[in-house]
Amino acid sequence: MTLWQDFTKGIIKENPIFRVMLGLCPTLAVTTSAINGVGMGLATSFVLLGSNLLISSLRKAIPFRIRIPSYIIIIATFVTITDLMMHAYLPQLHKALGLFIPLIVVNCIILGRAEAFASRHPVVNSTMDALGMGVGFTLALVILGSIRQLIGSGGGMIIMLLPPGALLTIGLLLALANSIARRKR
Amino acid sequence: MNKLFRIGLILMTICLVAALGLAVVNKVTSPIIRAQEEAAREAALSEVLPQAEEFRPLQKDDHLFHMGYAEGKLVGSAFEVSTSGYGGRIEIIMGVDRTGRVTGVKVLSHTETPGLGARITEVKPGDERPWFTQQFRDKVLDELVLRKDDKKLGRIDAITGATTSSRAVTKGVREGLELYLKIFGEEMGE
């Protein structure tokens, strides 16, 4: 795979939400509006970039048998440091994204990419992978968030803002993604 | 045995480095964060009791009241209330004037659901303050109930789909005012 492909695969072909289906829990919880989607997407992308970078550069040093606990420690530490730094030096942004940052730790995309890609590929490729996945994730969140907000907000069908609506929306979008993928084959 | 030892050692090293990193970052950022929270508290006091020019702290019955003064005269009090919301505790700061009316309510922190309960701090485009908490201004004790809970006296509109959060904030403000009236009731005139 070329470097460029490492980046673009995360956007459509291996979109973390619609194709690989990782990190669905925080996705559904957070996409009650488009702007929430953007915020969560950006914050997660930042963490994904950092964790992929760190884990890729340490991949030769971490023994195979303890890779999962090692990744978890690295990721959780990185998220906490990011949270504290943002709180201190970017207070406005932190206030806007505040609730999402702790949620990122439970996002399977981070651990998923660390295990599936960053631990087996050089730093440059892992960076591209993180960027692509980040873009794809943010895109998916914005789509999901926009739909739910348009139909559900401001006196619309409230159910769209609640879990049933989230599941319905993502179900339909997944069906759409699958049918498009099938046609391409 | 050697292999296991080596693995354990590496894991320990990772943990140590992580802990060290966290300790350092925490040490550096915590004074900054605390200063920010102080400044936010100061600003919040003026926001909920705008008539006051200066505040003096007063500890009464285990509660901290920020007594507000303008031109040397007591105009009211600002104090914090904590209430149980849908997703956890909601920290509120509220101001009361000398007639027992609420002068302002500000949500300091919460962990309510984004898009639903979190709308207690939502500011409509063009506005300066959150519409939900602005409702509490100029209300007296009996009016501090949701309209849907008390059709006659209630004056607070709940957030659609976030009744629990709305009720929680309303209850917090009401109980705060009750506490204030209980402690300062006799000293109020006018």
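Conventions used here
- Residues numbered from 1 in each chain as written.
- Chains lettered and ligands numbered in written order.
- Predicted model: local features only at pLDDT ≥ 70, side-chain atom pairs only at ≥ 80, totals over all residues.
- Heavy atoms only, no water.
- Helix = DSSP H or I, 4+ residues; strand = E, 2+ residues; numbered from the N terminus.
- Expected span 1.5 Å × (residues − 1).
- Buried < 20%, exposed > 50% of the residue type's maximum accessible area, 1.4 Å probe, protein only.
- Contact = heavy atoms within 4.5 Å.
- Buried area = accessible area lost by both parts, 1.4 Å probe.
- Salt bridge = Lys/Arg side-chain N within 4 Å of Asp/Glu carboxyl O.
- Polar contact = N/O pair within 3.5 Å; in protein donor to acceptor, adjacent residues only side chain to side chain.
- Nonpolar A, V, L, I, M, F, W, Y, C, P; charged D, E, K, R; others polar.
- Axes fitted to C-alpha atoms, helices over the stretch in contact; angles between N-to-C directions.
- Left-handed = near helix turned anticlockwise from the far one by under 90°.
- pLDDT = per-residue confidence, 0-100.
- Phe/Tyr/Trp six-rings, centres within 6.5 Å; stacked < 30°, edge-to-face > 60°.
- Lys NZ or Arg CZ within 6 Å of the ring centre and 35° of its normal.
- Pairing = 2+ DSSP bridges.

## Some words on helix α4 (residues 67-89) of chain A
Here α4 of chain A contains 23 residues, and its C-alpha end-to-end distance of 32 Å stays within 8% of the 33 Å for a straight helix at 1.5 Å per residue. What α4 of chain A keeps buried is the set Arg 67, Ser 70, Tyr 71, Ile 74, Ile 75, Thr 77, Phe 78, Val 79, Thr 82, Leu 84, Met 86 and Ala 88 of chain A. If you follow the buried residues of α4 of chain A, they end up packed against α3 (34-57), α5 (91-97), α6 (100-104) and α7 (108-118) of chain A together with α1 (2-48) of chain B.

## Observations concerning the interface of chain B and chain A
The interface is formed by 25 residues belonging to chain B together with 25 residues belonging to chain A. Between chain B and chain A, a total of about 2,100 Å² is buried, with carbon and sulfur atoms accounting for 79% of that surface. For the pair chain B and chain A, the interface holds 0 salt bridges. Taken together, the connections running from chain B to chain A amount to 2 residue pairs in polar contact (both at pLDDT 80 or more). Its residues assigned to classes, the side of chain B that touches chain A shows 14 nonpolar, 9 polar and 2 charged.

## A few points about the packing of α7 of chain A against helix α8 (residues 123-152) of chain A
All names here are of chain A. Direction vectors running N to C along α7 and α8 enclose 145 degrees, while the axes themselves pass 11 Å from each other. You can see that α7 and α8 cross each other, and the crossing is right-handed. Within the contact between the two elements, α7 uses Ile 109, Arg 113, Phe 117 and Ala 118 and α8 uses Asn 125, Ser 126, Asp 129, Met 133 and Phe 137. Taken together, the residues of the contact of α7 with α8 break down into 5 nonpolar, 2 polar and 2 charged.

## Quick word on α8 of chain A
For α8 of chain A, spanning 30 residues, the distance from its first C-alpha to its last is 42 Å, which sits close to the expected 44 Å at 1.5 Å a residue. One or two steps after α8 of chain A, the chain reaches Gly 154 of chain A, where phi turns positive at roughly 55 degrees.

## Some words on the pattern of salt bridges
Summed over the entire model, instances satisfying the criterion amount to 13 salt bridges over all chains. Close ionic contact of Arg 41 of chain B with Glu 80 of chain B constitutes a salt bridge, the shortest N to O distance being 2.7 Å. Remark: Glu 80 of chain B occurs in strand β3 (residues 73-84) and Arg 41 of chain B occurs in helix α1; sequence separation between them is 39 residues. Relative accessible area serves as the criterion here: at 33%, Glu 80 of chain B is assigned to the partly exposed category. Where salt bridges share partners, they join Asp 6, Lys 9, Arg 113 and Asp 129 of chain A into one cluster.

## Let's talk about unusual backbone geometry
Although it is not a glycine, Met 21 of chain A adopts a positive phi angle of roughly 60 degrees. By the secondary structure assignment, Met 21 of chain A is in the loop between α1 (3-8) and α2 (24-30). In this structure, Asp 62 of chain B is a non-glycine residue whose phi angle is positive, near 70 degrees. Tracing the backbone shows Asp 62 of chain B in the loop between β1 (54-60) and β2 (63-70). Overall, the relative accessible area of 73% leaves Asp 62 of chain B in the exposed class.

## Describing the side chain of Ser 119 of chain A
All names here are of chain A. Relative to the helices and strands, Ser 119 is located in the loop between α7 and α8. Within the structure, the side chain of Ser 119 is placed 2.9 Å from the backbone oxygen of Glu 115, a separation counted as a polar contact. Sequence-distant contacts of Ser 119, defined by excluding residues within four places in its chain, comprise Ile 55, Arg 59, Tyr 71 and Ala 114.

## Section: the environment of Val 20 of chain A
All names here are of chain A. Secondary-structure assignment places Val 20 in the loop between α1 and α2. Classification of Val 20 as partly exposed rests on a relative accessible area of 34%. Along the chain, Val 20 and Gly 10 lie 10 residues apart, while their C-alpha atoms are 9.4 Å from each other.

## Structural notes on the environment of Arg 98 of chain B
Residues and elements named next belong to chain B. Residue position: Arg 98 is located in the loop between β4 (89-97) and β5 (102-109). By relative accessible area, Arg 98 is classed as partly exposed at 21%. Sequence-wise, Arg 98 and Met 67 are 31 residues apart; in three dimensions their C-alpha atoms are separated by 11 Å.

## Considering the confidence of the model for chain B
Residues and elements named next belong to chain B. Here chain B averages 90 in pLDDT, and 97% of its residues register 70 or above. Within chain B, β1 has the poorest average pLDDT of any element, 91, and β4 the best, 94. Reported confidence for the predicted complex is 0.76 by ipTM and 0.73 by pTM.

## Digging into the packing of aromatic side chains
Evaluation of the coordinates by the stated rule reveals 8 aromatic pairs over all chains. When the centroid spacing of 5.9 Å and the interplanar angle of 35 degrees are considered together, the rings of Phe 46 of chain A and Phe 78 of chain A count as tilted. Here Phe 78 of chain A lies in helix α4 and Phe 46 of chain A lies in helix α3, a separation of 32 residues in the sequence. Taking relative accessible area as the criterion, Phe 46 of chain A reaches 46% and is therefore assigned partly exposed. Each residue in the set Phe 65, Phe 79, Tyr 180 and Phe 184 of chain B is aromatic and connected to the rest through ring pairs, giving one cluster. For Arg 67 of chain A, the ring lying beneath its charged end belongs to Phe 64 of chain A, and the centroid distance is 4.0 Å.

## Observations concerning the pairing of β4 of chain B
Residue and element names in this part refer to chain B. Of all 9 residues making up β4, 7 are buried, and the element is well covered by its neighbours. The pairing of β3 with β4 spans 9 bridges and is classified as antiparallel. Paired with Val 81 across the two strands is Ile 92, which belongs to β4. Bridging between β4 and β5 involves 6 bridges; their strand directions are antiparallel. Within β5, the residue paired with Ile 92 across the bridge is Val 107. Two successive antiparallel strands, β4 and β5, enclose a turn made up of 4 residues, where Gly 100 displays a positive phi of approximately 85 degrees.

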